[in-house]
Amino acid sequence: MPDPVLIVGAGFSGAVLARQLAELADVKSIVIDARDHIAGNCHTERDAETGIMVHTFGPHIFHTDRADVWAYVNRFSEFRPFVNRVKATTDRGVFSLPVNLHTINQFFGTSMSPAEAREFIQEKADTSIAEPANFEEQALKFIGRELYEAFFYGYTKKQWGCDPTELPAAILSRLPVRFSYDDNYYNSPFQGMPAEGYTALIAKILDHPNIEVRLNTRYEHAMAEQFGHVFYTGPLDEYFAHRLGRLSYRTVFWEKKKSEGDFQGVAVMNYPDPKLPYTRIHEHKHFTPWEKHDSTLAFVEYSKETGPDDIPYYPKRLAADKELLASYATLANAEQKVSFLGRLATYRYMDMHQVIGEAIDFADAWLAAKSSGAKTPTFPAKAAL
Ligand code: UDP
């Protein structure tokens with residue numbers, strides 16, 4: 001059996017990697033996490049008073065187009081049907097998101113067919129933009145100024161704390177624009193919610209005789225000496241004690257509202273109006289439509305810059321961040337027996353399904369390199385660092 005490895009972080013990256021190494025090559029791992037719970041920011045917990053399953057660090061909705069990733073998560077938890085149908089409240093009323101035929105017809109007061117709407121939006125779109133260089137250009141190229149200003153400009157300024165022209169176009173490419181009445185927030189063919197939440201799912205992944213989990217345990221470099229390899233899934237700049245500076249992240253925080261009945265009639269309501277201080281409200285009992293709860297919990301979400309003691313959520317990836325990232329990647333590549341995996345360690349805006357897919361692929365790549373005697377990879381291939 002190979003030497004035991006140390007995996008830093010018990011979120012999806014660390015848990016899936018530990019499980020794959022355990023099953024594929026009988027590798028023993030110690031998985032440590034600084035927090036007092038597993039599952040990282042996917043952590044879910046039933047509220048003691050209401051029994052509602054709360055997504056402690058914000059809403060997580062599982063969706064993927066990879067059949068192997070869907071099969072993988074279904075091995076460890078029953079998944080219940082859940083389709084995210086987001087709404088947006090504006091000063092002109094409530095609209096359907098992502099932008100679809102209903103949004104377009106409601107917004108412009110029309111009754112267009114799919115073909116008519118496509119032509120109509122094409123006329124509004126800025127065709128002079130060939131390669132969108134930022135978020136705003138991406139929006140103007142695909143939906144035109146009116147829809148951009150109504151649904152994206154204010155929300156994005158509040159969410160990211162900067163002008164949309166400073167942000168990468170890729171942030172907007174996450175969202176579809178549809179010329180049909182399909183109002184599913186995601187295009188993915190597989191979508192659902194783990195019946196007992198994400199923490200129960202990740203606990204099952206970690207439940208293997210080769211895996212030992214140690215909570216309340218912060219990584220220290222001296223620990224590496226006792227292991228054949230270290231897989232680090234925490235923030236990349238933190239690994240290097242921020243010695244070159246801090247990568248910028250947005251953090252989010254919530255005001256919790258408990259009431260009886262139904263607060264807003266939907267799981268996620270967005271508020272794109274720049275005059276309001278919050279971005280969205282999520283009502284968690286709607287994430288488990290198969291459960292019945294008389295009371296309800298709504299979380300009003302605000303965003304701010306991440307201070308040294310805040311949890312990093314959204315990597316901003318501004319131009320200065322990308323330069324710093326390249327410098328940290330150089331340091332990381334010089335490490336002899338450390339690999340960096342996942343959203344924080346590769347500083348990318350990743351969803352759960354991408355993290356899981358990459359951990360599965362990375363375990364394969366790392367084991368293949370190990371068995372052929374080649375240098376093991378520092379980053380996943382797709383991270384392009
Ligand atoms: N966005 C927006 N208006 C909306 C929803 C999203 O401007 O009503 C933009 C915003 O910049 C956001 C990005 O699209 O950060 C990605 O949205 P998504 O819903 O994927 O964000 P997440 O659920 O990951 O916070």
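Keep in mind it's a predicted model, so treat the numbers as computed, not measured.

Our focus in this paragraph is the site of the ligand. Taken together, 16 residues sit near the ligand, with Thr-156, Tyr-185, Asn-270, Tyr-314 and Tyr-349 positioned nearest. Arg-174 places a side-chain nitrogen or oxygen 2.9 Å from an oxygen atom of the ligand. When the ligand sits alone it has 520 Å² of accessible area, and the protein chains cover 93% of it. Top contributing element to the shell around the ligand by residue count: helix H6 (residues 144-160), with six residues. Of the residues contributing to the shell around the ligand, the split by class is 11 nonpolar, three polar and two charged.

Reading across from one edge, S10-S2-S1-S11-S17 is the order of the five strands in this open sheet, with parallel pairing throughout. The sheet terminates laterally at strand S10 (211-214) and strand S17 (338-340), the two strands that pair on one side only. Across this sheet, the average inter-strand angle for adjacent strands is 20°, counted without regard to direction. Sheet analysis places strand S2 (residues 29-32) next to S10, joined by four bridges and oriented parallel. Following the sheet pairing, Ile-32 is matched in S10 by Arg-214. Against the sheet, helix H1 (residues 12-25) touches strand S1 (5-8), S2, S10 and strand S11 (229-232), its axis set at about 160° to S1.

Moving on to the pairing of strand S14 (residues 280-283). Side chains Arg-280 and His-282 project from S14 onto one buried face, and the interleaved Ile-281 and Glu-283 project onto a second face that is buried too. Note that strand S13 (residues 268-270) and S14 share three bridges and pair antiparallel. In the strand pairing of S14, Asn-270 is matched with Arg-280. With four bridges joining them, S14 and strand S15 (residues 295-305) adopt antiparallel strand pairing. Across the sheet, Ile-281 pairs through a bridge with Val-300, a residue of S15.

Let's shift gears to the packing of H1 against helix H12 (residues 352-372). The contact between H1 and H12 brings their axes to 9 Å, and the two run at 35°. The element H1 and its partner H12 pack so that their crossing is right-handed. Between H1, through Phe-12, Ser-13, Val-16, Leu-17, Gln-20, Leu-21, Leu-24 and Ala-25, and H12, the contact on the second element is made entirely by Met-352, Val-355, Ile-356, Ala-359, Ile-360, Phe-362, Ala-363, Asp-364, Trp-366 and Leu-367. Among the residues making up the contact of H1 with H12, the classes are represented as 15 nonpolar, two polar and one charged.

If you look at the biggest cluster of nonpolar residues, it comprises 79 residues, and the most contacted ones within it are Phe-12, Leu-21, Phe-62 and Ile-356. What Leu-21 contacts, discounting residues up to four positions off in sequence, is Val-5, Asp-26, Val-27, Phe-231, Ala-363, Trp-366 and Leu-367. With 27 residues, the next largest nonpolar core counts Ile-30, Tyr-219, Tyr-239 and Leu-247 among its residues.

This part takes up helix H5 (residues 135-142). Among all positions in H5, only Phe-135, Glu-136, Gln-138, Ala-139 and Leu-140 are buried. Among the structural elements, H6 and helix H7 (170-173) are those in contact with the buried residues of H5. With a side-chain oxygen positioned 3.0 Å from the backbone nitrogen of Glu-136, the residue opening H5 is Asn-134. Backbone geometry just after H5 places Gly-144 at a positive phi near 80°.

Its location among the elements puts Tyr-239 in helix H9 (residues 236-239). When the C-alpha atoms of Tyr-239 and Phe-340 are compared, they prove to be 9.7 Å apart, with 101 residues separating the residues in sequence. Those residues within four positions of Tyr-239 in sequence are excluded, and the remaining contacts are Tyr-219, His-221, Tyr-232, Glu-335, Val-338 and Phe-340.

Each value, and the rule that gives it
- Residues numbered from 1 in each chain as written.
- Predicted model: local features only at pLDDT ≥ 70, side-chain atom pairs only at ≥ 80, totals over all residues.
- Heavy atoms only, no water.
- Near = heavy atom within 4 Å.
- Polar contact = N/O pair within 3.5 Å; in protein donor to acceptor, adjacent residues only side chain to side chain.
- Areas by Shrake-Rupley, 256 points an atom, 1.4 Å probe, with all protein chains shown as cover.
- Helix = DSSP H or I, 4+ residues; strand = E, 2+ residues; numbered from the N terminus.
- Nonpolar A, V, L, I, M, F, W, Y, C, P; charged D, E, K, R; others polar.
- Pairing = 2+ DSSP bridges.
- Axes fitted to C-alpha atoms, helices over the stretch in contact; angles between N-to-C directions.
- Contact = heavy atoms within 4.5 Å.
- Buried < 20%, exposed > 50% of the residue type's maximum accessible area, 1.4 Å probe, protein only.
- Left-handed = near helix turned anticlockwise from the far one by under 90°.
- Core = buried A, V, L, I, M, F, W, Y, C linked by side-chain atoms within 4.5 Å.

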